[in-house]
Amino acid sequence: MENQSKLSKLYICIPLALICCFLWGSAFPSIKVGYVVFHIDGDDSYSQILFAGIRFFLAGIMVILTGSFLQKRVLYPKNRVEIGRTALLSLFQTILQYTLFYIGLAHTSGVKSSILIAVNVFFSIIVSTLVFRIERLTVQKAIGAVVGFVGIVVINFSADGFGGGFSFNGEGFMILSSLAYSVSGVLIKKYSEKSDTVMLSGWQFLFGGAFMILFGFAAGGRIPQADGVKGILMILYLAFISAAAYTVWGMLLKYNSVSKISVIGLMNPVFGVILSAVFLGEAEEALSLKNLCALVLVCLGIVVVNSKFSLQKIKS
């Protein structure tokens, strides 16, 4: 109960969620740079899947070893039910989400990918309230999500629309990746009530990573060449992003509503845009007055959803 009360406190919950968002935001430029470091062509989807699989397999090992050390016991699925939960979570959280993500990211910019992935906030609220019905859709949640998402629209809007074109294997895959992520968030919320969150996170990464490695390699994917130490550090950092961010995020989902945590996730594209501008040279696309307006709207959406002030009081 002590952990529950701490992780549900806004002054702890929000900073931890923002750290996760920063790590995820750094993944956009890191993966792009990783393609260069490992000499993976933008159209080589199977090598991209293989690259992703190696990342998540390593992330699974990190989570399992660290969690087992901290809890002083070996973390593993104890029965068929937990194996089934882990497998289903792995399907949505790792295999589907990141197969779509890695291929989509190869066919669009880091800035645009950072923005498009934010539609998971809409998906998360819809999935948790209307599909699984694990929480109630309120006017406050809806308004907060809409205000935040308007920021995402603003940050990507230009005279020719949303960045000049839409491709199914680029922008389309990023949106589908967001849908898979939203389903995985609800699943981990449900499963963490009866299973250890760290165990679920670690083993779903391990299962998903192993599947992606086997599939990518069998389909002809290869890692042509790695630039020595730089390549090793890059893949280890990407694995760390997943191991740290998803484990903490899963713990936050266990003790907070899906809607509240998901709306904080609107900061993902803000960090993604900034870091893509810095490390990918996409500053012209990313840094402008409209992006500052978008940041204000995103933050406002977070405040609305997490405010103790209820819109229902207006009616009474």
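Computed from a predicted structure; not experimentally measured.

Novice: Explanation requested: the packing of helix 4 (residues 80-106) against helix 8 (residues 168-191) in the structure shown.
Specialist: Helix packing geometry: the angle between the two helix axes and the distance between the axes. Close contact between helix 4 and helix 8 brings their axes to 8 Å; oriented N to C, the two are set at 160°. As far as their axial angle goes, helix 8 and helix 4 are roughly antiparallel. Along this stretch, helix 4 crosses helix 8, giving a crossing that reads as left-handed. Class assignment of the residues belonging to the contact of helix 4 with helix 8 gives a composition of 17 nonpolar, seven polar and one charged.

Novice: Any chance you could explain helix 2 (residues 10-37) here in plain terms?
Specialist: The periodicity of an α-helix, 3.6 residues per turn, causes residues three or four places apart in sequence to face the same way. Helix length check: helix 2, at 28 residues, gives a terminal C-alpha distance of 39 Å against a target of 40 Å (1.5 Å per residue), a fit within 8%. Along its length, helix 2 shows its largest kink, about 30°, at phenylalanine 28, and proline proline 29 lies within four residues downstream of that point. Positioned one or two residues after helix 2, histidine 39 has a phi angle of 55°, which is positive.

Novice: How should the confidence of the model for the protein chain be read in this particular structure?
Specialist: If pLDDT is low for a region, its predicted coordinates should not be looked at in detail. Taken as a whole, the protein chain shows an average pLDDT of 82; of its residues, 87% reach a score of 70 or greater. Least confident of the elements in the protein chain is helix 13 (residues 283-286), whose mean pLDDT is 62; most confident is helix 9 (residues 197-218), at 95. Low pLDDT, under 50, characterises residues 311-316; the predicted model gives this stretch six contacts beyond four residues in sequence or across chains.

Novice: Looking at this structure, I do not really get a nonpolar patch on the surface. What am I missing?
Specialist: On the surface, a cluster of nonpolar side chains totalling about 490 Å² of accessible area is made up of Ile126, Leu130, Val131, Phe132, Ile134 and Leu137. Here valine 131 is to be found in helix 6 (residues 120-131).

Novice: Would you mind going over the packing of aromatic side chains with me for this structure?
Specialist: The description of an aromatic ring pair uses the distance of the two centres, along with the angle that the planes make with each other. Inspection of the entire model under this criterion finds 20 aromatic pairs. Ring geometry for tryptophan 24 versus tyrosine 246: centroids 4.9 Å apart, planes at 65°, classification edge-to-face. Of this pair, tryptophan 24 sits in helix 2 while tyrosine 246 sits in helix 10 (residues 228-255), placing them 222 residues apart in sequence. By relative accessible area, which is 4% here, tyrosine 246 ends up buried. Relative to tyrosine 246, the ring of phenylalanine 205 lies with its centre 5.5 Å away and its plane at 70°, an arrangement referred to as edge-to-face. Taken together, the residues phenylalanine 205 in helix 9 and tyrosine 246 in helix 10 connect sequence positions 41 residues apart. Just above the ring of tyrosine 98 sits the side chain of arginine 55; from NZ or CZ to the centre is 5.5 Å. Directly above the ring of phenylalanine 217 sits arginine 222, whose terminal nitrogen or CZ lies 3.8 Å from the centroid.

Novice: Which parts of the structure should I look at to understand the side chain of serine 30?
Specialist: Following the sequence through the fold, serine 30 ends up in helix 2. Within the local environment of serine 30, its side chain forms a polar contact with the backbone oxygen of serine 26, the two atoms lying 2.7 Å apart. Beyond its immediate stretch of four places on either side in the chain, serine 30 contacts Met234, Tyr237 and Leu238.

Novice: Even after reading the chapter, I still don't get the packing of helix 3 (residues 45-71) against helix 10, so can you show me in this structure?
Specialist: At a minimum axis distance of 8 Å, the contact between helix 3 and helix 10 shows a crossing angle of 55°. It follows that helix 3 is oblique to helix 10 by the angle criterion. Read as a crossing pair, helix 3 and helix 10 show a hand that is right-handed. For the pair formed by helix 3 and helix 10, the contact residues are Phe51, Ile54, Arg55, Phe56, Leu58, Ala59, Met62 and Val63 on the first element and Ile235, Leu236, Leu238, Ala239, Phe240, Ile241, Ser242, Ala243 and Thr247 on the second. A class-by-class count of the residues in the contact of helix 3 with helix 10 yields 14 nonpolar, two polar and one charged.

The rules behind each value
Residues numbered from 1 in each chain as written. Predicted model: local features only at pLDDT ≥ 70, side-chain atom pairs only at ≥ 80, totals over all residues. Heavy atoms only, no water. Axes fitted to C-alpha atoms, helices over the stretch in contact; angles between N-to-C directions. Helix = DSSP H or I, 4+ residues; strand = E, 2+ residues; numbered from the N terminus. Parallel < 35°, antiparallel > 145°, perpendicular 65-115°, else oblique. Left-handed = near helix turned anticlockwise from the far one by under 90°. Nonpolar A, V, L, I, M, F, W, Y, C, P; charged D, E, K, R; others polar. Expected span 1.5 Å × (residues − 1). Bend = angle between axes of the 7 residues up to and from the residue. pLDDT = per-residue confidence, 0-100. Contact = heavy atoms within 4.5 Å. Patch = residues over 30% accessible without salt bridge, like charges linked within 9 Å, V, L, I, M, F, W, Y side chains within 5 Å. Areas by Shrake-Rupley, 256 points an atom, 1.4 Å probe, with all protein chains shown as cover. Salt bridge = Lys/Arg side-chain N within 4 Å of Asp/Glu carboxyl O. Phe/Tyr/Trp six-rings, centres within 6.5 Å; stacked < 30°, edge-to-face > 60°. Buried < 20%, exposed > 50% of the residue type's maximum accessible area, 1.4 Å probe, protein only. Lys NZ or Arg CZ within 6 Å of the ring centre and 35° of its normal. Polar contact = N/O pair within 3.5 Å; in protein donor to acceptor, adjacent residues only side chain to side chain.

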